[in-house]
Amino acid sequence: MFNMGLDFTEQLALWVVFAISLAGLVYTFILRAQVLREDKGTDKMQEVWNAIKDGADAYLVKQQKSIWPILVILTVALFASVSVVPPSQEAIEQFSKYNWTEDRINLVIGFARAIAFVMGAVSSMLVGQIGMRIAVQANVRVASASKRSFGEALDIAYRAGSVTGMLTNGLGLLGGTVIFMLMGIAAPDALLGFGFGGTLIALFMRVGGGIFTKAADVGADLVGKVEAGIPEDDPRNPAVIADLVGDNVGDCAGMAADIFESSEVTIVSSLILGIALYHVTGNQLEWIIFPLIVRGIGVLSSMFGANFVKSGKDSKSGNAMKAIFTGLIASAIFSSVLFFTAGYYYLQDIVGGWWRIPVVVFVGVALAIVIDRMTDYFTGSDGAPVQEIKKSADTGPATLILSGISSGFESSVWSVIVIAITIVASILVFGDQGPAYVLYGVSLTGIGMLTLTGNIVAMDSFGPISDNANGIGEMAWSGKTDKATKDAQQIMADLDAVGNTTKAITKGVAIGSAVIAAVSLFGSYMVDVSKVQESLNVPVAEWISNVGIRADDPTVFVGMLIGGALPWLFSSFAIQAVTRAASLIVLEVRRQFKLGVLSGKVKPDYKQAVNISTAAAQKELVTLALLGVVTPIVVGLLLGVNALGGFLAGIIVSGQLLAVFLNNAGGAWDNAKKLIEDEVKDPKKNTGKGSERHKASVVGDTVGDPFKDTAGPALNPMIKVVNLVSVIIAPIIVKYTIDGLTTGVVIVVIALMGVLAWAIMRSKAPAPSMVAEIVVPKSKSKKK
């Protein structure tokens, strides 16, 4: 905290925030201990659970081996990225007392950015890995608790989700606070690396986990439910363990890393914009310190709200969604009271009035709740859209799919309107002070939205935990018909249905936060480009902050077109990967069925499906990430900073619309299927499991699976990777725009275009067959 001019209150506030981050981590391990002391159930349940645990652990180990090489390369690149242009004014001011040369300052900043990148990557990886492992530990305990009561099963599932939520909160706040305390007003230079590391790992986890889980899910459902007519999670289905493993590596690990990096990206953008206002307003540090205070309040509010998620301990039924939403509202109220109070006491001297910043933070909290309710309407079992999709099953899979598509399209429109209103709110609050203030307000909206991070991640993890618990019960209790077993299965089915909705809701919130973060980074991009233009003596009239990014500039329009197209190419490759891998799973399951798995002649080989899904996920892991990393560099170097700004605008708008459509259409199809499965089976009325209506709903659900769990969620970190890369390379592009394209730059562009071509060809290449033979035991013939 050196050379910043902090008064005693500000220093105390930073140390309190630091202590809160540690308290959040301590609370994480208290919750973990509470979950682990619960009963794991019968030997049969633990046998299924061990298969899931082994598959998930093996996948993550293999994923890490694929990730580390690219992390090493990017660490070196980030270290070198600051040496091309002079250090920022903030860096010079921060290290002024040392009388260092510009080269020495750049060396320190480069080292800090590289270390922060590794910190962000490792933190994101820890959040995903530990979150997934606690989810795996919890699922068998939730299944066991369902034998006792609804309330106990709900409590364990939500507490386990809160472990991941609090870890996400605590680690993110700890990393950001430590970097700021060490680097002062030069912190954004390092925090860009921290945010980029977290975002890149989230992209890896989202892409890999999404492909794994949906390849297994689609293959298991198509052959098991549609062709063979067996129930979901039937132990005879060779793909069932891969399906359950996928829930953990996709939803738990992927979402935790996704929300972690969103919270870091909003901090990065708010500090970049806050430092710009710090200079404009005569060195008022409140613009920089208050976002960190709000993050600290968010950790406390998540701890507070978790205690409100309760149901009757001895009850056999209950309303899980109501209990979870009560916790969310409790956190929202608690955080709002605290940051208005903090704002009143700390922001009295700020330019424009103390009330403005707390108001935009509150708008962010309200945005999270509105998206929660809106997503619940479009994907929840009680909402009109899902009921309409269920009704459309009467006339077959085609009408059911069309109904889901139309519902998804409509939900995207309303989501855009809500986010637009949020940005307008910042305009109304800060509009009289100028665009920089408005963009700062938007970044604070994102921080406000993510004050509920603990609740959001807990809600998401609740989904796969309850899904896995349902699967473990289905496999371990197959054939049992006693009342206690039926009651337990109903409890788990109810929790699973709510889990489907909470997953869709949290994905909606993640998409909303991604867009707000991307808009904030867009503002940071404008600020950073102007700073570099100033340092390179570009005339003031030509600064991008003064000229703006004009849509009538042909290069800007080209950039917008390319940016708008990238999410569609990315989604195409992700869904193609699921299609290819699911086809292999289908062939493998059919092959094993022909060998006599259904009749019990041979045991199912679960490892084959796990291997197929793992291989498919690893094949796409790096190539899809390269689309997000390399494309903005090529666009910027070829077309310039204005075109890159247009590229960012295009990807934000197109990516948001597409991500919401994919998420909500898929979630609605899934819950429509579950509604039909809950019907009383009656062949005459064509209702219930095994009916033609049910088969139509399964087809819709399998179409929606890669929508909602692969392509849609992966767009969130992809959009932010593109924005962060753009902010990082902006100074380099400005310099080469002034100097002109040199031979070295042309060679770099050609090489990067070659990398893009390789990534595209690799993504389109067919997956190798993973099918192996199962040895069928020979029957012993009697000797005559």
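Residues numbered from 1 in each chain as written. Predicted model: local features only at pLDDT ≥ 70, side-chain atom pairs only at ≥ 80, totals over all residues. Heavy atoms only, no water.

### Regarding the overall build of the chain
The secondary structure content of the chain amounts to 21 helices and 0 strands. Relative to the compact-globule value of 28 Å for 784 residues, the chain shows a C-alpha radius of gyration of 26 Å, a close match. Taking the principal axes of the C-alpha coordinates as reference, the chain spans close to 100 × 55 × 45 Å. Here the chain holds 784 residues, and the buried ones make up 63% of them. Residue pairs in contact within the chain that sit at least 24 positions apart in sequence constitute 86% of those at least 6 positions apart. Total accessible area on the chain is roughly 27500 Å²; 65% of this is exposed by carbon and sulfur atoms. Considering the chain, the positive charge centre built from 61 side chains and the negative charge centre built from 63 side chains are found 11 Å apart. (Helix = DSSP H or I, 4+ residues; strand = E, 2+ residues; numbered from the N terminus. Rg over C-alpha atoms; globule rule 2.2 N^0.38 Å. Buried < 20%, exposed > 50% of the residue type's maximum accessible area, 1.4 Å probe, protein only. Contact = heavy atoms within 4.5 Å. Areas by Shrake-Rupley, 256 points an atom, 1.4 Å probe, with all protein chains shown as cover. Lys, Arg positive; Asp, Glu negative; His and termini not counted. Charge placed at Lys NZ, Arg CZ, Asp CG, Glu CD.)

### Quick look at helix α15 (residues 483-535)
In this model α15 runs 75 Å from its N-terminal to its C-terminal C-alpha over 53 residues, within 8% of the 78 Å that 1.5 Å per residue would give. In the segment just after α15, Asn537 is the residue with positive phi, at about 65 degrees. (Expected span 1.5 Å × (residues − 1).)

### A look at the packing of helix α12 (residues 397-430) against α15
Close contact between α12 and α15 brings their axes to 11 Å; oriented N to C, the two are set at 40 degrees. Looking at the two axes, α12 sits oblique to α15. Between α12 and α15 lies a crossing of right-handed hand. Across the interface between the two elements, Ile419, Thr422 and Ile423 of α12 pack against Gly512, Val515, Ile516 and Val519 of α15. For the contact of α12 with α15, the class distribution of residues is 5 nonpolar, 2 polar and no charged. (Axes fitted to C-alpha atoms, helices over the stretch in contact; angles between N-to-C directions. Parallel < 35°, antiparallel > 145°, perpendicular 65-115°, else oblique. Left-handed = near helix turned anticlockwise from the far one by under 90°. Nonpolar A, V, L, I, M, F, W, Y, C, P; charged D, E, K, R; others polar.)

### So, the nonpolar core
Judged by nonpolar contacts, the single largest core of 257 residues is most densely connected at Phe196 and Ile357. With 23 residues, helix α7 (residues 240-280) is the largest single contributor of residues to this core. Beyond its immediate stretch of four places on either side in the chain, Phe196 contacts Leu74, Leu78, Phe117, Val629, Val721, Leu724, Val725 and Ile728. (Core = buried A, V, L, I, M, F, W, Y, C linked by side-chain atoms within 4.5 Å.)

### Side note on helix α5 (residues 150-183)
The end-to-end C-alpha separation of α5 is 49 Å, in line with the 50 Å expected for 34 residues at 1.5 Å each. Taking burial as the measure, the 34 residues of α5 include 32 buried ones, the bulk of the element. One or two steps after α5, the chain reaches Gly184, where phi turns positive at roughly 60 degrees.

### Things to note about empty space enclosed by the protein
The tally for this structure, following the rule as stated, stands at 5 cavities of 30 Å³ or more. Empty space within the largest cavity amounts to approximately 130 Å³. Around the largest cavity sit 18 residues that line it, and Lys214, Asp217, Glu232, Asp467 and Asp670 are the ones nearest its centre. Secondary structure elements with two or more residues in the lining of the largest cavity: α6 (187-227), α7, α15, α19 (641-677) and α20 (692-739). Residue contributions to the lining of the largest cavity peak at 4 residues, all from α20. Broken down by class, the residue content of the lining of the largest cavity amounts to 1 nonpolar, 1 polar and 16 charged. (1 Å grid on protein atoms, 1.4 Å probe; cavity = no way out; pocket = protein on both sides within 12 Å on 5 of 7 lines; lining within 4 Å. Points joined across faces, edges and corners; volume = space filled by probe spheres on them.)

### Here we look at the pattern of salt bridges
What the rule picks out here adds up to 30 salt bridges. Of the charged contacts, one joins Arg148 and Glu152 as a salt bridge, the two residues approaching to 2.9 Å between their closest N and O atoms. Owing to a relative accessible area of 17%, Glu152 belongs among the buried residues under this scheme. Between Asp376 and Arg373 there is a salt bridge, with its nearest N and O atoms 3.2 Å apart. With Asp376 and Arg373 both in helix α10 (residues 356-379), this residue pair falls 3 residues apart, about one helical turn. Relative accessible area serves as the criterion here: at 32%, Arg373 is assigned to the partly exposed category. In the salt-bridge network here, residues are joined through shared partners; they are Lys214, Asp217, Lys507, Asp670, Lys673, Asp701, Asp705, Lys708 and Asp709. (Salt bridge = Lys/Arg side-chain N within 4 Å of Asp/Glu carboxyl O.)

### Looking at the side chain of Ser411
In this fold, Ser411 is placed in helix α12. On the accessibility criterion, Ser411 (1% relative accessible area) is buried. From its side chain, Ser411 meets the backbone oxygen of Gly408 in a polar contact 2.7 Å long. Here Ser411 is in contact with Phe378, Val660 and Asn664, once residues within four sequence places are set aside. (Polar contact = N/O pair within 3.5 Å; in protein donor to acceptor, adjacent residues only side chain to side chain.)

### Observations regarding the environment of Phe707
Relative to the elements of secondary structure, Phe707 occurs in helix α20. Once the C-alpha coordinates of Phe707 and Ala659 are considered, the two residues, 48 residues apart in sequence, prove to be 8.5 Å apart. With residues near it in sequence (within four places) discarded, Phe707 still touches Ile575, Phe661, Leu662, Asn663, Trp669, Gly712 and Pro713.

### Observations regarding the confidence of the model for the chain
Overall, the prediction assigns the chain a mean pLDDT of 86, with 95% of residues at 70 or greater. Throughout residues 770-784 the model reports pLDDT below 50, and contacts reaching past four residues in sequence, or to other chains, amount to 20 contacts. (pLDDT = per-residue confidence, 0-100.)

### So, unusual backbone geometry
Its identity as a non-glycine residue notwithstanding, Asn99 has a phi of 55 degrees, on the positive side. Mapped onto the elements of the fold, Asn99 is located in the loop between α3 (89-94) and α4 (102-145). One non-glycine residue with positive phi stands out, namely Asn686, at about 60 degrees. Looking at where Asn686 falls in the secondary structure, it is placed in the loop between α19 and α20.

### Structural notes on a nonpolar patch on the surface
Together, Phe79, Leu107, Phe111, Ile115 and Met119 line one region of the surface with nonpolar side chains, adding up to about 450 Å² of accessible area. Among the elements that take part in the nonpolar patch, α4 stands out by supplying 4 residues, more than any other. For Phe79, the position within the fold is in helix α2 (residues 43-81). Look at Phe79 and you get partly exposed, because its relative accessible area is 34%. (Patch = residues over 30% accessible without salt bridge, like charges linked within 9 Å, V, L, I, M, F, W, Y side chains within 5 Å.)

### A look at the side chain of Ser426
Within the secondary structure, Ser426 is located in helix α12. Here Ser426 falls in the buried class, since its relative accessible area comes to 1%. A distance of 3.4 Å separates a polar atom in the side chain of Ser426 from the backbone nitrogen of Val442. Ignoring sequence-local partners within four residues, the contact set of Ser426 consists of Val360, Gly431, Val438, Gly441 and Val442.

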